[in-house]
Amino acid sequence: MPPVFAHGRLRLYLLKLLDEAPRHGYEVIRLLEERFQGLYAPSAGTVYPRLAKLEAEGLVTHATEGGRKVYSITDAGRAELADRGGELADLELEIRDSVSELAAEIRDDVRGAAGALRREMRAAASATATPVEDASWAAAKEELRKAKQEWKEQARRAKDESRRAREEAQQARRQAREAQERAREEVMRIAGQLQEQFAKSGGVLGNLAGSWLGGGAGSTSSTSGAGAGTGAGPGTGAGTGTGTAGAAAADLHWAEDLAPTGDPARDLDRLLDRFRDDVRDAARDHGVTPAKLAEARAHLAAAADRLAQTLRPSR
């Protein structure tokens, strides 16, 4: 008897059957027997332990209906089926080959039995002077006829099953190729969106960096005046002047190492976190004097005003 399922393949085929519809254990056994045209039927001791293991792995689940466990595939089970689509197609071809081999063995057995029966009948006929036409002879002829008919029927069913398995395997391969193409297109689409979102986030980043280093002339002068009014002191004006001169030197590649997430609001939060960390690092490394604090207040006010204008909806 040739092996029907290679190691681990029955587990994959059980997932396929449960993906078609929820089933109880004996229904799974019956379906397997149908797929093999009655040439193979796994025992309950083969199927139930594998269903229990699939459930322990989270690939299937069960509900009790009428005293029976009805098994259903989970999302994790469907994901494994999708990942192993090519392997499943190969398994369909292996099942076709297994059906053919089993049918061939049955055909050989039938031929051998028929040959032995013919030899016995010839020996019985030659042992008597007249042909044996009694009930035992008629029964032997009928058994031979039935054996031939059964072999022809099994051969026909094996041929039909082989053709069906080949068609299903071809369809599975075609679906796998289409799924790969859709996945590639989806990745390209998402990549384009990420690039667009990164470009938008980069524009906000440029405004933020320019404002921090001095911003535009209008924003800087207005907020500098506000800083002086709030007690920024003489250092504010000097700091604003140097900030305006340094606006052209703003590093527009600042924080490029932060890969976009696809969520602009989240990307902006990350940029603000980086901005705060850079300012704190500079204060820790170089110290803060009252004059620098006043100048920093003016720059921060300018940056906040510039950023709020950037984020405000256009009218």
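Above this text sits the structure in question.
The structure reproduced in this document is the subject of the present report. Bear in mind that the values here come from a model prediction, so they are computed numbers and not experimental data.

### As for the overall build of the protein chain
- Scanning the protein chain from N- to C-terminus turns up 10 helices and 3 strands.
- When the elements of the protein chain are put in sequence order from the N terminus, they spell out α-β-α-α-β-β-α-α-α-α-α-α-α.
- The proportion of buried residues among the 315 residues of the protein chain is 29%.
- For the protein chain, the proportion of contacts with a sequence separation of at least 24, taken over those separated by at least 6, is 69%.
- For the protein chain, the accessible surface area stands at approximately 18,900 Å², while carbon and sulfur atoms represent 54% of it.

### Points about the environment of proline 22
- By the element assignment, proline 22 lies in the loop between α1 (9-20) and β1 (23-24).
- Put simply, proline 22 and histidine 62 are 40 residues apart on the chain and 8.8 Å apart in space, counted from C-alpha to C-alpha.
- Among residues more than four places away in sequence, those in contact with proline 22 are Glu27, Val70, Tyr71 and Ser72.

### Focus: the pairing of strand β3 (residues 68-73)
- Two strands pair when backbone bridges link them, and β1 and β3 are joined in this way by 2 bridges, in the antiparallel orientation. Residue histidine 24 lies in a different strand from β3, and its bridge partner there is valine 70.
- Of the strand pairs in this sheet, strand β2 (residues 60-65) and β3 are connected by 6 bridges, and their pairing is antiparallel. The residue of β3 that forms the bridge with alanine 63 is valine 70.
- The antiparallel hairpin formed by β2 and β3 contains 2 residues in its connecting segment, where glycine 66 sits at a positive phi of about 60 degrees.

### A short note on the packing of aromatic side chains
- Counted under the stated rule, the structure contains 2 aromatic pairs.
- Between tyrosine 26 and tyrosine 48, the ring centres sit 5.9 Å apart and the planes meet at 65 degrees, which makes this aromatic pair edge-to-face. Residue tyrosine 26 is found in helix α2 (residues 25-35), and its partner tyrosine 48 is found in helix α3 (residues 44-56); the two are separated by 22 residues along the sequence.
- Relative to phenylalanine 275, the ring of tryptophan 254 lies with its centre 6.5 Å away and its plane at 90 degrees, an arrangement referred to as edge-to-face. You can see tryptophan 254 sitting in the loop between α8 (234-246) and α9 (264-286) and its partner phenylalanine 275 sitting in helix α9, a full 21 residues away along the chain. Like tryptophan 254, the residue phenylalanine 275 is buried in the burial classification.

### Structural notes on the pattern of salt bridges
- One pass over the full model with this rule turns up 23 salt bridges.
- With a closest N to O distance of 4.0 Å, glutamate 150 and arginine 157 form a salt bridge.
- A relative accessible area of 39% means that glutamate 150 is categorised as partly exposed.
- Classification of arginine 157 as partly exposed rests on a relative accessible area of 24%.
- Note that aspartate 267 is salt-bridged to arginine 270, the shortest N-O span being 3.8 Å. Here arginine 270 and aspartate 267 lie together in helix α9, a separation of 3 residues that amounts to about one turn.
- Residues participating in the shared-partner salt-bridge network are Lys16, Glu20, Arg23, Glu27, Arg30, Glu34 and Arg35.

### Let's talk about the sheet that holds β3
- Ordered by their spatial adjacency, 3 strands build an open sheet running β1-β3-β2, and the pairing between neighbours is antiparallel. Whereas interior strands pair on both sides, the edge strands pair on one side only; in this sheet they are β1 and β2.

### Here we look at the side chain of lysine 16
- Take lysine 16: it is sitting in helix α1.
- When near neighbours in sequence (up to four residues on either side) are disregarded, lysine 16 contacts Arg35, Leu81, Leu88 and Glu92.

### Topic: unusual backbone geometry
- Of note, alanine 255 is a non-glycine position whose phi angle comes to about 65 degrees, a positive value.
- Positionally, alanine 255 belongs in the loop between α8 and α9.
- Look at alanine 255 and you get buried, because its relative accessible area is 8%.

### Remarks on the environment of arginine 96
- Following the sequence through the fold, arginine 96 ends up in helix α5 (residues 85-126).
- Between the C-alpha atom of arginine 96 and that of glutamate 161, which follows or precedes it by 65 residues, the distance is 6.7 Å.
- Residues within four places of arginine 96 in sequence aside, it is in contact with Ser162, Ala165 and Arg166.

### Details of α2
- Where α2 is concerned, the buried positions are Gly25, Glu27, Val28, Ile29, Leu31, Leu32 and Arg35.
- Phi for glutamine 37, located one or two positions after α2, is positive at around 55 degrees.

### Some details on α1
- Taking 1.5 Å of rise per residue, the 12 residues of α1 would be expected to cover 16 Å, and the 17 Å separating its terminal C-alpha atoms lies within 8% of that figure.
- Of all the 12 residues making up α1, 9 are buried; the element is thus mostly covered by neighbouring parts of the structure.
- Listed in full, the buried residues belonging to α1 are Arg9, Leu10, Leu12, Tyr13, Leu14, Leu15, Lys16, Leu17 and Leu18.

### Examining the nonpolar core
- Of all hydrophobic cores here, the largest spans 23 residues; its most connected members are Tyr13, Leu14, Leu15, Leu18, Val28, Leu32 and Val47.
- Secondary structure elements with two or more residues in this core: α1, α2, α3, β3 and α5.
- For this core, the element with the most residues is α1, which contributes 7 residues.
- Once residues within four sequence positions are removed from consideration, valine 28 is found in contact with Leu14, Leu17, Leu18, Arg23 and Val47.
- If you look at the next biggest cluster of nonpolar residues, it comprises 5 residues, including Trp254, Ala255, Leu258 and Phe275.

About the criteria used
Throughout this description, residue numbers start from 1 for each chain and increase along the sequence as written. In keeping with the model being predicted, local features are shown solely for residues with a pLDDT of at least 70 and side-chain atom pairs are shown and tallied solely at 80 or more, while totals for entire chains, interfaces and linings include all residues. Values shown for side chains rest on all heavy atoms present in the structure; no hydrogens or waters enter the calculation. Every helix listed is a DSSP run of H or I at least four residues long, and every strand listed is a run of E at least two residues long, numbered separately from the N terminus. Any residue under 20% of the maximum accessible area for its type is buried, any over 50% is exposed, and the rest in between are partly exposed; the area is computed with a 1.4 Å probe on protein chains only. Any two residues whose heavy atoms approach within 4.5 Å are treated as being in contact. Surface accessibility in these figures is a Shrake-Rupley result with a 1.4 Å probe; residues are shielded only by whichever protein chains are displayed. Here, any two strands with at least 2 DSSP bridges between them count as paired. In summary, the pairing rule links any two rings of Phe, Tyr or Trp, Trp by its six-membered ring, whose centres are within 6.5 Å, and it sorts them by plane angle into stacked for under 30 degrees, edge-to-face for over 60 and tilted for everything else. When a carboxyl oxygen of Asp or Glu is within 4 Å of a side-chain nitrogen of Lys or Arg, the pair counts as a salt bridge. In this analysis, the expected span of each helix is defined as 1.5 Å times one less than the number of residues it contains. We define a nonpolar core as any set of buried Ala, Val, Leu, Ile, Met, Phe, Trp, Tyr and Cys residues linked to one another through side-chain atoms lying within 4.5 Å.

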